[in-house]
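# Breakdown of the fold
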Amino acid sequence: MNRLVLLTGLVSAFLAACATTTPQPTATITPVVPPSATFTLEPSPTVTPLNVTLTVKESLINCRFGPGIVYELINELEEGDTARVVGKSEASTWWYIRDPGNPDGLCWVSAEVTETNGATAELPVVQPPVTTVTAINLRAEPNRIVVNCSQFPQTVFLEAEVTTNGPAYVTWKWEASTGAISNDSTLVFKQAGKQVINDYYQFAEPNDYWIKLHILSPNGWTEQVNIPVNCTP
């Protein structure tokens, strides 16, 4: 009997020991602090602007809209004049300069009549400019008609002076207030200058008419002339 009690006590003690929670060690987390980043600032490269100049060595030279004698004359430079060069033609036969007579303007001079100072080999190549129609002078003759009402149709003659600043193909057409429109036509300009378009138109009755000349290319332009036509019985 004593033996049984003893065994029972041992079992109870064993079970109690097993039921006791064993405390777990607490984990310690140490934060990792990254090292401070270190930057090394490199000095910006120093860009030395091109400083190329020229001096006129002839008595009088032309400064033009583009690199060639086919372009419009912009200004004239005299012997001894100086200018800053900002570009060159592809063959380095013309210099693109700041016009001494117009600080905000640019023009081209021939390399043959100038003497340069500076690194011309480093100058950028500048493409020739796009040429355009720069002026139109449209006239009608007569510009007013007063006739007897039995004297119709009446004819008016048209003349238009068209000016470009360089070589160009100029496409144009006429339009009248009557609704008539001509076919497209083309003028060929081999160089800067002026060409004349001549034409005529007939009016069948009195009215206030207009006729327009439309430039279609290389740039758009419209010029109009008004022609009042009246009659008396």
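Owing to the predicted nature of the structure, the values given are computational and were not obtained by experimental measurement. Throughout this description, residue numbers start from 1 for each chain and increase along the sequence as written. pLDDT decides what is reported in this predicted model: residues at 70 or higher carry local features, side-chain atom pairs at 80 or more are listed and counted, and totals for whole chains, interfaces and linings draw on all residues regardless. Think of the side-chain values as coming from all heavy atoms in the structure, minus any hydrogens and water.

## So, the pattern of salt bridges
So the rule is basically this: The salt bridge criterion pairs a side-chain nitrogen of Lys or Arg with a carboxyl oxygen of Asp or Glu, the two atoms within 4 Å. The way it works is that DSSP assigns letters per residue, a run of H or I at least four long becomes a helix, a run of E at least two long becomes a strand, and they are numbered from the N terminus. Summary of the burial criterion: residues with accessible area below 20% of their type's maximum are buried, those above 50% are exposed, and those between are partly exposed, where the area comes from a 1.4 Å probe applied to protein chains only.
Counted according to the given criterion, the structure contains three salt bridges. A salt bridge links Glu-159 to Arg-139; the shortest N-O distance between them is 1.9 Å. With Glu-159 in strand 10 (residues 154-164) and Arg-139 in strand 8 (residues 133-141), the pair connects residues that are 20 residues apart, well separated along the chain. For Glu-159, a relative accessible area of 26% puts it in the partly exposed group. Ionic pairing is found between Arg-139 and Glu-161, a salt bridge with its closest N-O pair at 3.9 Å. Of the two residues, Arg-139 is situated in strand 8 and Glu-161 in strand 10; the sequence distance between them amounts to 22 residues. When salt bridges with common partners are traced through the structure, they connect Arg-139, Glu-159, Glu-161 and Lys-194 into a single cluster.

## Some thoughts on the pairing of strand 1 (residues 52-56)
Convention followed: Here, a strand pair is defined by DSSP locating no fewer than two bridges between the strands.
Only one face of strand 1 is covered, namely the face carrying Val-52, Leu-54 and Val-56; the face carrying Thr-53 and Thr-55 is uncovered. Of the pairings in the sheet, the one linking strand 1 to strand 4 (residues 82-88) comprises four bridges and is antiparallel in character. Bridging across to strand 4, Thr-53 finds its partner in Arg-84. One ladder, built from four bridges, connects strand 1 with strand 7 (residues 114-117); its direction is antiparallel. Each residue of the ladder has a partner; that of Thr-53, found in strand 7, is Asn-117.

## Some points on the sheet that holds strand 13 (residues 193-203)
Quick reminder of the rule: For helices, the fitted line uses only the C-alpha atoms of the stretch in contact; every axis is such a line through C-alpha atoms, and the angle between N-to-C directions lies from 0 to 180 degrees.
Pairing is antiparallel in the open sheet, where three strands are placed in the order 8-10-13. Edge positions in the sheet fall to strand 8 and strand 13, since each has one partner strand and no second. Ignoring which end each strand starts from, the neighbouring axes of this sheet average 15° apart.

## Let's talk about the sheet that holds strand 15 (residues 221-232)
Pairing is mixed in the open sheet, where five strands are placed in the order 9-15-14-11-12. Whereas interior strands pair on both sides, the edge strands pair on one side only; in this sheet they are strand 9 (145-148) and strand 12 (185-189). Going across the sheet, the axis of each strand differs from the next one's by a mean of 25°, ignoring polarity.

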